[in-house]
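Survey of secondary and tertiary structure
Listed below are the residues making up each chain.
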Amino acid sequence: LVLGFQDIRNIVTALSLSDSIKTAPSKFFDPYEFWLHSMVVGTAAKGISLNFGFDFGSEAFVAGILHDIGILVIYKFFNPEFNQIIDIINSEKISMLEAEKKALGITHQEIGKFLSEKWELPYILCDSLNYHHRPMKTLENKYFVSIIHLVDYMTQKLGVGNFYWDKDFELDPGIIELLNFPSEEALDNFIADYDEMFRVTAESLKI
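A brief look at the structure comes next. (Residues numbered from 1 in each chain as written. Predicted model: local features only at pLDDT ≥ 70, side-chain atom pairs only at ≥ 80, totals over all residues. Heavy atoms only, no water.)

**A few points about the overall build of the protein chain**
When helices and strands are counted, the protein chain shows 12 helices and zero strands. Listed N to C, the secondary structure of the protein chain is α-α-α-α-α-α-α-α-α-α-α-α in terms of helices and strands. Evaluated residue by residue, the protein chain yields a buried proportion of 50% over its 207 residues. In the protein chain, the share of contacts with a sequence separation of at least 24, taken over all contacts with a separation of at least 6, comes to 66%. (Helix = DSSP H or I, 4+ residues; strand = E, 2+ residues; numbered from the N terminus. Buried < 20%, exposed > 50% of the residue type's maximum accessible area, 1.4 Å probe, protein only. Contact = heavy atoms within 4.5 Å.)

**What about the environment of Phe-28?**
Looking at the secondary structure, you find Phe-28 in the loop between helix H1 (5-19) and helix H2 (31-51). With a relative accessible area of 24%, Phe-28 lands in the partly exposed category. A sequence separation of 47 residues divides Phe-28 from Tyr-75, and the C-alpha atoms of the two residues are 9.6 Å apart. In this structure Phe-28 touches Phe-82, Ile-86, Asn-90, Tyr-164 and Trp-165, once residues within four positions along its chain are discounted.

**Concerning the pattern of salt bridges**
For the structure on display, the rule yields six salt bridges. The closest approach of N and O atoms between Glu-110 and Lys-101, which form a salt bridge, is 3.2 Å. By relative accessible area, Lys-101 is classed as partly exposed at 40%. We note a salt bridge from Lys-157 to Asp-188, for which the minimum N-O separation is 3.8 Å. With Lys-157 in helix H9 (residues 142-158) and Asp-188 in helix H11 (residues 184-193), this pair connects stretches of sequence that are 31 residues apart. By relative accessible area, which is 30% here, Asp-188 ends up partly exposed. (Salt bridge = Lys/Arg side-chain N within 4 Å of Asp/Glu carboxyl O.)

**Some details on the nonpolar core**
Residues Phe-144, Phe-190 and Phe-198 are the most contacted members of the largest nonpolar core, which totals 60 residues. At nine residues, H9 tops the list of elements feeding residues into this core. Contact partners of Phe-144, with chain neighbours within four places excluded, come to Phe-56, Glu-59, Ala-60, Ala-63, Ile-124, Leu-125 and Ser-128. (Core = buried A, V, L, I, M, F, W, Y, C linked by side-chain atoms within 4.5 Å.)

**Here we look at the layout of surface pockets**
If you add up the space inside the largest pocket, you get close to 200 Å³. Around the largest pocket, the lining residues are Leu-97, Lys-101, Thr-107, Gln-109, Glu-110, Asn-130, Tyr-131, Arg-134 and Lys-137. At the level of secondary structure, the elements contributing two or more residues to the lining of the largest pocket comprise helix H6 (96-104), helix H7 (108-118) and helix H8 (123-131). Quantified by volume, the second largest pocket comes out at close to 180 Å³. What lines the second largest pocket is a set of 13 residues, among which Ser-95, Met-96, Trp-165, Asp-168 and Phe-169 lie closest to the centre. Tallied by class, residues from the lining of the second largest pocket come to six nonpolar, two polar and five charged. (1 Å grid on protein atoms, 1.4 Å probe; cavity = no way out; pocket = protein on both sides within 12 Å on 5 of 7 lines; lining within 4 Å. Points joined across faces, edges and corners; volume = space filled by probe spheres on them. Nonpolar A, V, L, I, M, F, W, Y, C, P; charged D, E, K, R; others polar.)

**Some thoughts on the packing of aromatic side chains**
For any pair of aromatic rings, the description rests on two quantities: the centre-to-centre distance and the angle between the ring planes. Counting across every chain of the model gives 17 aromatic pairs. Ring centres of Phe-52 and Phe-181 lie 6.0 Å apart, and the angle between their planes is 85 degrees; this geometry places the pair in the edge-to-face category. Pair noted here: Phe-52 is in the loop between H2 and helix H3 (58-66) and Phe-181 is in the loop between helix H10 (174-178) and H11, with a separation of 129 residues, a long-range link. Taking the relative accessible area as the measure of exposure, Phe-52 reaches 23% and is therefore partly exposed. Ring centres of Phe-54 and Phe-56 lie 5.1 Å apart, and the angle between their planes is 20 degrees; on these two criteria the pair is classed as stacked. A relative accessible area of 17% means that Phe-56 is categorised as buried. Aromatic rings pair up to connect Phe-29, Phe-34, Trp-35, Tyr-75, Phe-82, Phe-163 and Trp-165 into one cluster. It is Lys-76 that lies over the ring of Phe-77; its NZ or CZ is 5.8 Å from the centre. (Phe/Tyr/Trp six-rings, centres within 6.5 Å; stacked < 30°, edge-to-face > 60°. Lys NZ or Arg CZ within 6 Å of the ring centre and 35° of its normal.)

Structure representation (structure tokens):
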């Protein structure tokens, strides 16, 4: 009654899809770290979107959980290419997205979009999976995707629920103006204010 049927449906769908792809850990991929990161982003995205005045409901939570699902797919089903991507990142000092494109011809964002369309998820979720590193490129859902992008960035900035593959995560500067921050310093102060909340969230998810 509190959450509503659609929210429950979205949450159960996300968790079911996520649980369907089970993996073993390796040197460069820790499933526990991956899912903790995903859950922190999902939980924080829902709360932060409300603080910005957006009523995205459970879709922000689901988008956070699924935003990096393409990385999980690469690791499980394209493991030689996964290792090649790591080697390219380390040897050529290029971004993860560039290395994915070089090794696979496609990024984890595009894989996420493909899967979300196959799963017939709402378009706003497909958009967030496809553009969560470059939110200014989406045509229809800039605010929604920018929230996911910002929270993803915040995990790295705060060092809470952060994930190896996002270690060189770059903020899309376009979101500063879009989300009405007067300056980059104001954004940094905003992020710092959420430090405790992120740590409490991460600890609760660990339990």
